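Residue strings, one per chain:
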Amino acid sequence: MVFRRFLPAVVCCFLLLSARAQQDTLCVRGGDTLRYRYTPLPATAPAAETQQPKRKDNFWSRIFHGNVDRTFEKKIDFSFIGAPNYSKEASVGIGVLASGLYRVDRTDSLTPPSDVSFFGNFSLSGFYMFGVSGNTLFNHNRSRVIYEVSFGSKPLEFWGIGYEAGRFNQSADYIRKQVKFDAGYLYEVWRHLYVGGSVLFSHTKGTDFDDRGIDYLAGQKLHYTLSGIGMTLQYDSRDFIPAPERGTFLMVKQVIYPKGLGNSGKTLYKTTATADYYQRLWRGAVLATDIFGEFNSSGMPWCMLAELGGGYRMRGYYLGRYIDNNILSCQIEYRQRIWRRIGCAVWGGAGNVFSSFERFRWDQTLPNYGLGLRWEFKRRVNVRIDYGFGRKTSGLVFNINEAF
């Protein structure tokens, strides 16, 4: 049983090391790494030389003209945007996004900027959510802090656990109130290879379940609080984390939720593995590939199981319709800049949820494809509007930064 519990982590580590051995070096620090040039004017420059023709600063110029990197001049370069949005989970609402780029060391022109994103969303259904996420890069990108905090209340639907439940059951309405915290520190032990640890906390409470929803829970509690610690092995040669154009990202993360940290029941385990690759094809074109897996030990609460769908993977599926102990998904996306700060994307992929590897069935694999619009409202930071399609479903996504 112990071997089976850690089998996903062992397999993922083997794949990560194999891919690392075959991968050509991309984005060498000081060579092929994304560069940001900053050349201040001399203090003694004549006034006539320092005066440059100014571009009109109006609505259309801000939308269509290219953005400028201000992270060498400002402590943090913030931009805000608000817009109506729609999703299958939240219906019609208003979203507010704020993105900031900054540098811990503003004399380092080789390290990509650190990033932070704030988001808030409100909808007519009563949904609301607030959160912040980001990546802070230290010491010429030799160490980094990654964090994400969110809390909200979501009127949702629940179909039960497993592929068959999501495909054939009638949905039950309920409200999920949730607080999540995930923060980690990574240190570079070899070129682009990082190891580190993380702490996680989540509190979830389901309310207003009808009788059908209570039956779907099969005796589980309506609320759970889980605290965990994790270890991460990561290879990352991406040129810019929010919107990579070249590089490789490989990660294996093992999280343990010990019984001694106040978790009810027994000690639980969660393993996640990600393999992403980015390649420039020609001017303004990027081909991105993503493979993702999440594997949970038996006894994981319903609110912590692997969920298929949402705004990042398997876009267009209702997040939480298909849930189970494990999930595997893959997607490939073509991104093309069309004109100035306007771009587009098309993607295709597939995903599968299953309770154990012995019960994995290929005929239960769900297809996914779609297209999207991109607007670069800050340098290399995109607002994206995606419309995804799946098996008897479709959905609209409004978000910041690329899906992966």
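Computed from a predicted model, the values in this text were never measured in an experiment.

## Some points on the pairing of strand S8 (residues 223–236)
And step 1. For strand S7 (residues 193–207) and S8, the ladder comprises 13 bridges, and the chain directions are antiparallel. Within S8, the position partnered with Val-199 by the bridge is Ile-229.

## What to know about the side chain of Ser-99
And step 1. Mapped onto the elements, Ser-99 comes out in strand S2 (residues 91–102).
And step 2. Leave out the neighbours within four places in its chain, and Ser-99 touches Asp-77, Phe-78, Ser-79, Val-116, Ser-117, Phe-377, Lys-378, Val-381 and Ile-400.

## Observations concerning a nonpolar patch on the surface
And step 1. Taken together, the side chains of Phe-122, Tyr-128, Phe-130, Phe-151, Val-179, Phe-181, Val-199, Phe-201, Ile-229 and Leu-261 make up a nonpolar region of the molecular surface, amounting to roughly 840 Å² of accessible area.
And step 2. Those elements that provide at least two residues to the nonpolar patch are strand S4 (128–138), strand S6 (172–190) and S7.
And step 3. Relative to the helices and strands, Phe-181 resides in strand S6.

## Some details on unusual backbone geometry
And step 1. In this model, His-192 sits at a positive phi of 70 degrees, which is unusual for a non-glycine residue.
And step 2. Note on placement: His-192 falls in the loop between S6 and S7.
And step 3. Owing to a relative accessible area of 7%, His-192 belongs among the buried residues under this scheme.
And step 4. The phi torsion at Asp-208 lies on the positive side, around 60 degrees, for a residue other than glycine.
And step 5. Positionally, Asp-208 belongs in the loop between S7 and helix H5 (211–217).

Cut-offs used in this document
- Residues numbered from 1 in each chain as written.
- Predicted model: local features only at pLDDT ≥ 70, side-chain atom pairs only at ≥ 80, totals over all residues.
- Heavy atoms only, no water.
- Pairing = 2+ DSSP bridges.
- Helix = DSSP H or I, 4+ residues; strand = E, 2+ residues; numbered from the N terminus.
- Contact = heavy atoms within 4.5 Å.
- Patch = residues over 30% accessible without salt bridge, like charges linked within 9 Å, V, L, I, M, F, W, Y side chains within 5 Å.
- Areas by Shrake-Rupley, 256 points an atom, 1.4 Å probe, with all protein chains shown as cover.
- Salt bridge = Lys/Arg side-chain N within 4 Å of Asp/Glu carboxyl O.
- Buried < 20%, exposed > 50% of the residue type's maximum accessible area, 1.4 Å probe, protein only.

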